[in-house]
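Architecture at a glance
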Amino acid sequence: MSAGHAHPLHLPRDSVVHRLPPQVKIVAAFLGVVCVVATPREAFAVFAGFAVLLVAVWMAARIPVGWILRRSVIELPFVVLAVLLPFTGPDPRIDLLGLSLSEPGLLGAWNILVKGTLGVLISLTLAATTPMRDLLVGLQRLHAPALVTTIATLMLRYLDVIAGEARRMHLARVSRGHDPRFLWQAGATARGVGALFLRSYERGERVHLAMLSRGWTGAMPVLVEDRTTRADWARGLAPVGVAAALAVTGWVIL
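Computed from a predicted structure; not experimentally measured.

**Some details on the nonpolar core**
Generally speaking, nonpolar side chains in soluble globular proteins are found buried as a group. One finds Phe-50, Ile-63, Ile-68 and Leu-118 to be the most contacted residues of the largest nonpolar core, which totals 29 residues. Of all the secondary structure elements, the ones that give two or more residues to this core are α1 (22-38), α2 (44-61), α3 (65-71), α5 (103-129) and α9 (230-253). With eight residues, the top contributor of residues to this core is α5.

Dropping the structure here:
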């Protein structure tokens, strides 16, 4: 289905989580995010419970906590919005450390931070335990739109090809005196990006014609049979059951 490229967010391990079928982990991750989003923002203890549950999954998957946390910095651009809310939110306001902060803004910032962070951590857990090829297989088994899985598969297959082409073009420019550190070289860099786009587009046309000549029907073939058992679903959805119980608890205690 693809070339089997490894992605930088995958952490190869031999664990009970890694061995779960990919479609089980996709469904579990999706439902886990739903449970987090459905939890009232005022249920502070429940979010701590979600964090403990995630750590338990990492331990079962033999994923170091530091490995996950280092990659969670991808959410930092979204933190800026949360930081501004306490200053720009509506009344009532409270004084904290000499600052006048909006109480609804503080709750809104907390809501964005905690739910966004947990969502990112769940996604990173899915990526760490599932190779990209298996993710595509899982989506296919879940009957995701064929166009989506086809585009994702071809993108994965030819990402390294395009990156290699870009490296060769960069080496050719440098060997001819191009220095990308200087501002006046921006024009040459822009023309290089345009040339790379044209080459990629032409390559895509040739690949598409080759696929049609080999009987391409518009959907990726199913190369791996689905042998998911009820035990797999039970193991994979067990953390979701705990997360659902935590979310319900959040509404009850309020």
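Past the structure itself, the notes keep going.
**Re helix α7 (residues 146-175)**
Taking 1.5 Å per residue, 30 residues should reach 44 Å; α7 reaches 43 Å between its end C-alpha atoms and fits that length. At Tyr-158, α7 shows its largest bend, some 40°. The set of residues buried in α7 consists of Thr-149, Thr-150, Thr-153, Leu-156, Gly-164, Glu-165 and Met-169. Within two residues after α7, Gly-177 carries a phi angle of roughly 95°, on the positive side.

**Brief notes about a nonpolar patch on the surface**
Together, Val-55, Met-59, Val-65 and Leu-69 make up an exposed nonpolar region whose accessible area comes to about 350 Å². Elements that contribute at least two residues to the nonpolar patch include exactly α2 and α3. Counting through the fold element by element, Met-59 comes out in helix α2. Of the residues examined, Met-59 reaches a relative accessible area of 64% and is grouped as exposed.

**So, the environment of Ser-72**
Examined against the element boundaries, Ser-72 turns out to sit in the loop between α3 and α4 (76-88). For Ser-72, a relative accessible area of 13% translates into the label buried. Between the alpha carbons of Ser-72 and Leu-101 there is a distance of 27 Å; along the sequence they are 29 residues apart. Non-local contacts of Ser-72, meaning those with residues more than four positions away in its chain, are made with Val-120, Leu-121 and Leu-124. Here Leu-69 takes part through its backbone oxygen, which lies 2.6 Å from a polar atom of the side chain of Ser-72.

**What to know about the environment of Arg-19**
Here Arg-19 lies in the segment before α1. Taking the C-alpha atoms as reference points, Arg-19 and Asp-91, 72 residues apart in sequence, are found 51 Å from one another. A distance of 2.6 Å separates polar atoms of two side chains, one belonging to Arg-19 and the other to Asp-14.

What counts, and where the lines are drawn
Residues numbered from 1 in each chain as written. Predicted model: local features only at pLDDT ≥ 70, side-chain atom pairs only at ≥ 80, totals over all residues. Heavy atoms only, no water. Core = buried A, V, L, I, M, F, W, Y, C linked by side-chain atoms within 4.5 Å. Buried < 20%, exposed > 50% of the residue type's maximum accessible area, 1.4 Å probe, protein only. Helix = DSSP H or I, 4+ residues; strand = E, 2+ residues; numbered from the N terminus. Expected span 1.5 Å × (residues − 1). Bend = angle between axes of the 7 residues up to and from the residue. Patch = residues over 30% accessible without salt bridge, like charges linked within 9 Å, V, L, I, M, F, W, Y side chains within 5 Å. Areas by Shrake-Rupley, 256 points an atom, 1.4 Å probe, with all protein chains shown as cover. Salt bridge = Lys/Arg side-chain N within 4 Å of Asp/Glu carboxyl O. Contact = heavy atoms within 4.5 Å. Polar contact = N/O pair within 3.5 Å; in protein donor to acceptor, adjacent residues only side chain to side chain.

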